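# Residue-level structural notes
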Amino acid sequence: MTKEVGLEVDLGPLHLKNPIMPASGTFDVKCTLLNENELNRLGAVVPKSIAFKEREGNPEPRICETDCGLLNAVGVPSRGVEYFLKENLPLLQKANDTIIVSLTGNSIEDFCNLAERLNKIKEISALEINLSCPNLNNGIPFGNNKKKLYELIVDIKKNTSKPIIAKLSPNVSDIKEMALAAEKAGTDIINIANTLLGMAIDVEKQVSRLGNYIGGLSGPAIRPIVIRMIWETAQVVNIPIIGVGGVCCAEDAIEMFLAGASAVQVGSANFSNPYIMLEIITGIKRYLKEKKYNSIQNIIGLIKD
Amino acid sequence: MQKLKNRNSILTKGKIIEQINLNNNYYKIKIEAPQIAKEAKPGQFVMLSKWKIKELFLKRPFSFYNIEPNLGTFDILYKKIGKGTQILTESKISDLVELIGPLGNGFNIPESTRKIAVVARGIGVAPLIPLMLESKKKGIEIYSFLSTQTENLLLHSDKVESISKETFYTTDDGSKGAKGKVTNFLEKILKEIVIDVVYTCGSKRLAKHIRNLQKKYNFLAFVSLEEHMACGIGACKGCVRKTKNGYKRVCKEGPVFPVEEVIFND
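Remember, predicted model here, so these are calculated numbers, not experimental data. (Residues numbered from 1 in each chain as written. Chains lettered and ligands numbered in written order. Predicted model: local features only at pLDDT ≥ 70, side-chain atom pairs only at ≥ 80, totals over all residues.)

### Some words on the overall build of chain B
Counting its regular elements, chain B contains six helices and 15 strands. With respect to the principal axes defined by its C-alpha atoms, chain B has extents near 55 × 45 × 35 Å. Burial statistics for chain B: of 266 residues in total, 48% are counted as buried. Summarising the internal contacts of chain B: among those between residues at least 6 apart in sequence, 64% fall at separations of at least 24. (Helix = DSSP H or I, 4+ residues; strand = E, 2+ residues; numbered from the N terminus. Buried ≥ 20, exposed ≤ 12 C-beta atoms within 10 Å, placed from the backbone. Contact = placed C-beta atoms within 7 Å.)

So this is what it looks like as structure tokens:
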């Protein structure tokens, strides 16, 4: 019998049995085709970002497909943290032993309230901070302002002892600066990256294809940009990186590992194929065997000169 | 214990066993997928792809037009409008498609329903035909109101006529039936007889007219809504429509909604 290749990774304080998980906003434990066994094969489950209080999200239309991508302006609808704890958390516990909860908010106070509320809930393994939310104080997303980003993470850390994942916005001129600010503030893990801002117009009707006009682009179209950002950031930070953006198959995920990611989230590809994360896990194992590696850790940041 | 799974929906392959160009850009395709055909209900839909994920990113939603559980097949009626439907028109017999389904909530036929009306414009008739067949089986009388641009765009009107007690037509150019609003005919019938439920699909304009008639004549009314969808299973929150109770997902809480719940902005 051939020895099973190891897919376990440690992202700082966060241990994962394998490095594949859904990207926030593309997985709902109440609406999944995967059964409990299948969900338990994932490295973690990541529900859609939750807000402290209920919020309804953006007007329709919220999505449109573009060439090799998906533009969305869903706008983070949330039933609020208490609903999440009562209705979703028990189901997530059945789905996986690693639960990463993504947080959204419009102010430092929003995030701190959430972090404090979730701190004592032992089933939650880590908190992912959605930095693409606009800051109510100046309308600029936290992820676009390294000073605000730093302040936010420092304050969140004061309210929780759970590992913090900073999900960076790619809509910046230098992602490294944002990553370094997050690291300096005490972030445990960096996620690169959220969706890229985009827009699409229906030329027949001459109207925006999204109710919110501007949306976030995901899908294969953005993957080369994200690969570049992961690679650039991996050169300068000393904390692990989760890569996300346009991964549709094992090769795409492997590309992210080679660029320097220690784990990979799969986003909108889940919509086309609800089993894609399981297929990617199988494909990664096959690649490692073929290349005669005994662990995924052997290929993280391996890109050669 | 609540199961972590979407009802009876599955991801499966289907085989194309027939494709007919009905007229102009309208096509009918027959797909063999026994597990889906067995579970499908009128008003539900499938997400379908006949392309690789990097060719075209998302699956496309199609409602069931004809369901044959015993043969393990279903039909969909579609109009060629974009890249996805263009690829579908190029299908050959025995080609495979990938499907997720059946999805959404089908049409509800309330107990003790005796007479229904179906109101459709163009291809909107597609999901209403399985509903009509099921109603007919229950001994319900059906009044059909079809509207279209011009006579040769009427889809399967012979089938509709054979199931219906009466069928009324309006065309924009007057080539079949009358010109004008199809709901004027509906109102004429509503004045004469008691219609328990009115069903419609697709057109916001028709749904709005039906809503206005509902206030006057007091009947149940359901509309099957259409919206761009990414996942079809409720996960992405992308296909919402505004209702009196906030945004609802067309794929999950719908696609069939009581007409009075939906807020029509335009």
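### Focus: the interface of chain B and chain A
At the interface, 28 residues of chain B touch 37 residues of chain A. When residues of the side of chain B that touches chain A are traced back to their parent elements, those giving at least two are strand E1 (10-23), strand E13 (240-243) and strand E14 (246-249) of chain B. Ranked by residues supplied to the side of chain B that touches chain A, first place goes to E13 of chain B with three residues. Class assignment of the residues belonging to the side of chain B that touches chain A gives a composition of 13 nonpolar, eight polar and seven charged. (Nonpolar A, V, L, I, M, F, W, Y, C, P; charged D, E, K, R; others polar.)

### Here's the deal with the pairing of strand E7 (residues 96-103) of chain B
As a general feature of sheets, a regular strand has side chains that alternate between the two faces. All names here are of chain B. Burial of E7 is extensive: six of the eight residues sit out of reach of the surface. Two strands pair when backbone bridges link them, and strand E3 (residues 45-49) and E7 are joined in this way by four bridges, in the antiparallel orientation. When the bridges of E7 are listed, Leu-48 appears paired with Leu-99. (Pairing = 2+ DSSP bridges.)

### Some points on the packing of helix H4 (residues 146-159) of chain A against helix H5 (residues 175-184) of chain A
Axis angle and axis distance: for two packed helices, these are the angle between their axes and the distance between the axes, and together they describe the pair. All names here are of chain A. Packing of H4 against H5 brings their axes to within 8 Å, and their N-to-C directions diverge by 25 degrees. In terms of orientation, H4 and H5 fall into the roughly parallel class. H4 and H5 meet at a crossing whose hand is right-handed. Residues Lys-146, Leu-149, Tyr-150 and Ile-153 of H4 pack against Glu-177, Met-178, Ala-181, Ala-182 and Lys-184 of H5. (Axes fitted to C-alpha atoms, helices over the stretch in contact; angles between N-to-C directions. Parallel < 35°, antiparallel > 145°, perpendicular 65-115°, else oblique. Left-handed = near helix turned anticlockwise from the far one by under 90°.)

### Here's the deal with the sheet that holds strand E4 (residues 60-63) of chain B
All names here are of chain B. Across the sheet, seven strands lie side by side as E4-E3-E7-E1-E2-E6-E5; this open sheet has antiparallel pairing. Each of the sheet's edge strands pairs with one partner strand only, and the pair in question is E4 and strand E5 (66-68). Ignoring strand direction, the axes of neighbouring strands in this sheet form an average angle of 35 degrees.

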